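Spelled out from the first residue to the last, the chains are:
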Amino acid sequence: MALKTFTGETMQEAMAKVKAEVGDEALIVSNREIKKRTLTTPGLYEVVVEVEDNNRTQQPKRRIIDDLDTAKKDEVLLKISEAAKKINTLSKNSNMSETKNTSTNIVEIKEVQKEMQEIANTMKLLQSTIWDLNSCKRENLVIPPEFSEIYAIAKNSGMHKEHLDEIMNLTLKHMPLKMRNNPVTIKRYFNTLLRRIIPIRQERELSAGVKKIMMFVGPTGVGKTTTIAKLAARYAFQKHKKYKVGIITLDTYRIGAVEQLMTYARMMKLSIEAVVDPGDFVEALNRLRNNDIILIDTVGSSQHDKEKVDKINSFLSVNTFASIDVNLVMSATTKYEDLKDIYENFSILPIDTLVFTKLDETKRIGNIFSLVYDVKKPISYFSIGQEVPDDLIVASSEYLVDEMLKDVK
Ligand SMILES: Nc1nc2c(ncn2[C@@H]2O[C@H](COP(=O)(O)OP(=O)(O)OP(=O)(O)O)[C@@H](O)[C@H]2O)c(=O)[nH]1
Ligand SMILES: [Mg+2]
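Residues numbered from 1 in each chain as written. Chains lettered and ligands numbered in written order. Predicted model: local features only at pLDDT ≥ 70, side-chain atom pairs only at ≥ 80, totals over all residues. Heavy atoms only, no water.

If you tally the helices and strands in the protein chain, you get 13 helices and 11 strands. Intrachain contacts of the protein chain at a sequence separation of at least 6 include 73% that bridge at least 24 residues. As displayed, the protein chain has an accessible area near 21,600 Å², and 51% of this comes from carbon and sulfur atoms. (Helix = DSSP H or I, 4+ residues; strand = E, 2+ residues; numbered from the N terminus. Contact = heavy atoms within 4.5 Å. Areas by Shrake-Rupley, 256 points an atom, 1.4 Å probe, with all protein chains shown as cover.)

This is the structure in structure tokens:
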């Protein structure tokens, strides 16, 4: 492909030249205002487009609109606001001019009116461009304007586009007609729909005599050990029913890891065992058998370090007095594609539930929604800060969706 530059006194004029020469299929590389038009001098606008290089094999053509990405949209919005300011100033000028009644002023007013009309036309064109851009990019999905705000917020949240379009399609299909004209009811409906989709694992009290063993696995540094310390405190002291809690750490690999958990255990006066191999693991579990809940910390591993994940798996194949509940811990600051990669690679372990940490470090948590929408595993806890034990909350779909649909722009 080669680049070609078109200019005009207005953006429309430059675009018209593009259209005349390259057609609707032109791919815009950039468009900018080089010089503002004033009352006495013409403006200069430049549009650079990709044109076919005849020496190369032909590429499938794309529509102009498909290539106006978000940055361009912002540029267009900026232009609208600039145009609005201009209209403001010009209308003030024209009011002032009306008070004088000289022939020069009449000419000036006419010029101003002409310019205002032109700006108004540009605004219309730009607005429809933005809307076309949105609908075109959504392929078969055409979003009515009343749905555009919630669509933009959800997209901005980090939610995967395919998921958003699927859910938007459902909303458009099933939402009662009388609710559609009001953006507030649309928002509420969409919010409720998302809540219903998210699987949550409720925190239940243990029946008398029932023991629970919970193992926490996940990538390095996501907050597994901190979450265990918070949960230990929660189960042992914070809940209405107080449980006897024991801790096992399988993380004897990282220097200081055992000490980190020992410190918490000592402060809370909880039993703790450090274990190196599966044989020791059975013995440690048996030593802690008098506890109601046993929390197991593991070594953090990259999802691509199969050896480490396999090693964790070898601990899960031992016979224990209660089944081991496997909690995959991931950070909310990880983008959707990486969360999926982590989930898939840790899936050689029998994952029961998901814990998300560091929700305090990001305002865009649509990635969490998209992951659970995809893998259909329930979330049990959210960690919302570093404070032990306070910064931990029981997961709820209301919290996730409300945080996700907060307009962070
Ligand atoms: N901001 C924030 N920081 C957190 C949160 N949870 C844990 N951290 C911090 O993240 C860092 C790592 O926490 P750890 O609990 O050691 O993480 P880990 O997964 O056990 O790490 P490895 O054992 O090395 O794999 C610490 O500085 C924690 O204080 C959270 O919810 N929010
Ligand atoms: Mg740790």
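Continuing now.
Attention now moves to the site of ligand 1. Neighbouring ligand 1 are 18 residues, the closest being Lys224, Thr225, Thr226, Asp360 and Ser383. The separation between an oxygen atom of ligand 1 and a polar main-chain atom of Val222 is 3.1 Å. Here a nitrogen atom of ligand 1 sits 2.8 Å away from a polar atom, N or O, in the side chain of Asp360. Relative to its unbound accessible surface of 650 Å², ligand 1 loses 83% to contact with the protein. Partitioning the shell around ligand 1 into residue classes produces two nonpolar, 10 polar and six charged. (Near = heavy atom within 4 Å. Polar contact = N/O pair within 3.5 Å; in protein donor to acceptor, adjacent residues only side chain to side chain. Nonpolar A, V, L, I, M, F, W, Y, C, P; charged D, E, K, R; others polar.)

Moving on: the side chain of Thr334. Tracing the backbone through its elements, the reader meets Thr334 in the loop between strand S8 (324-331) and helix H11 (336-346). A relative accessible area of 17% places Thr334 in the buried class. Setting aside chain neighbours within four positions, we find Thr334 in contact with Leu339, Ile342 and Asn367. (Buried < 20%, exposed > 50% of the residue type's maximum accessible area, 1.4 Å probe, protein only.)

Of note, Thr185 is situated in helix H6 (residues 183-197). Overall, the relative accessible area of 17% leaves Thr185 in the buried class. Within the local environment of Thr185, its side chain forms a polar contact with the backbone oxygen of Met179, the two atoms lying 2.8 Å apart. Setting aside residues no more than four positions away along its own chain, Thr185 makes contact with Met175 and Met179.

Bringing the packing of aromatic side chains into the picture now. Considering all chains together, one arrives at three aromatic pairs under this definition. Consider the rings of Phe281 and Phe315, whose centres lie 5.4 Å apart with planes at 85 degrees: the pair is edge-to-face. Highlighted residues: Phe281 in helix H9 (residues 278-287) and Phe315 in helix H10 (residues 306-316), separated in sequence by 34 residues. Note on accessibility: Phe281 and Phe315 belong to one class, buried. Geometrically, the ring pair formed by Phe369 and Tyr373 is stacked, given 5.7 Å between the ring centres and 20 degrees between the ring planes. Residue Phe369 and its partner Tyr373 are located together in helix H12 (residues 366-375), separated by four residues, close to a single helical turn. Tyr373 carries the same exposure label as Phe369, and that label is buried. In this structure, Lys376 is placed above the aromatic ring of Tyr373, and the distance from its NZ or CZ to the ring centre is 5.1 Å. (Phe/Tyr/Trp six-rings, centres within 6.5 Å; stacked < 30°, edge-to-face > 60°. Lys NZ or Arg CZ within 6 Å of the ring centre and 35° of its normal.)

Strand pairing in a sheet is mediated by backbone hydrogen bonds. Such pairs are either parallel or antiparallel. Taken together, the eight strands give an open sheet; going across it, the order is S6-S5-S7-S4-S8-S9-S10-S11, and neighbouring strands pair in mixed fashion. Looking at which strands have only one partner, the edges of the open sheet turn out to be strand S6 (271-274) and strand S11 (392-394). Neighbour-to-neighbour, the strand axes of this sheet turn through a mean angle of 25 degrees, independent of strand direction. Note: strand S5 (residues 245-249) against S6, four bridges, orientation parallel. (Pairing = 2+ DSSP bridges. Axes fitted to C-alpha atoms, helices over the stretch in contact; angles between N-to-C directions.)

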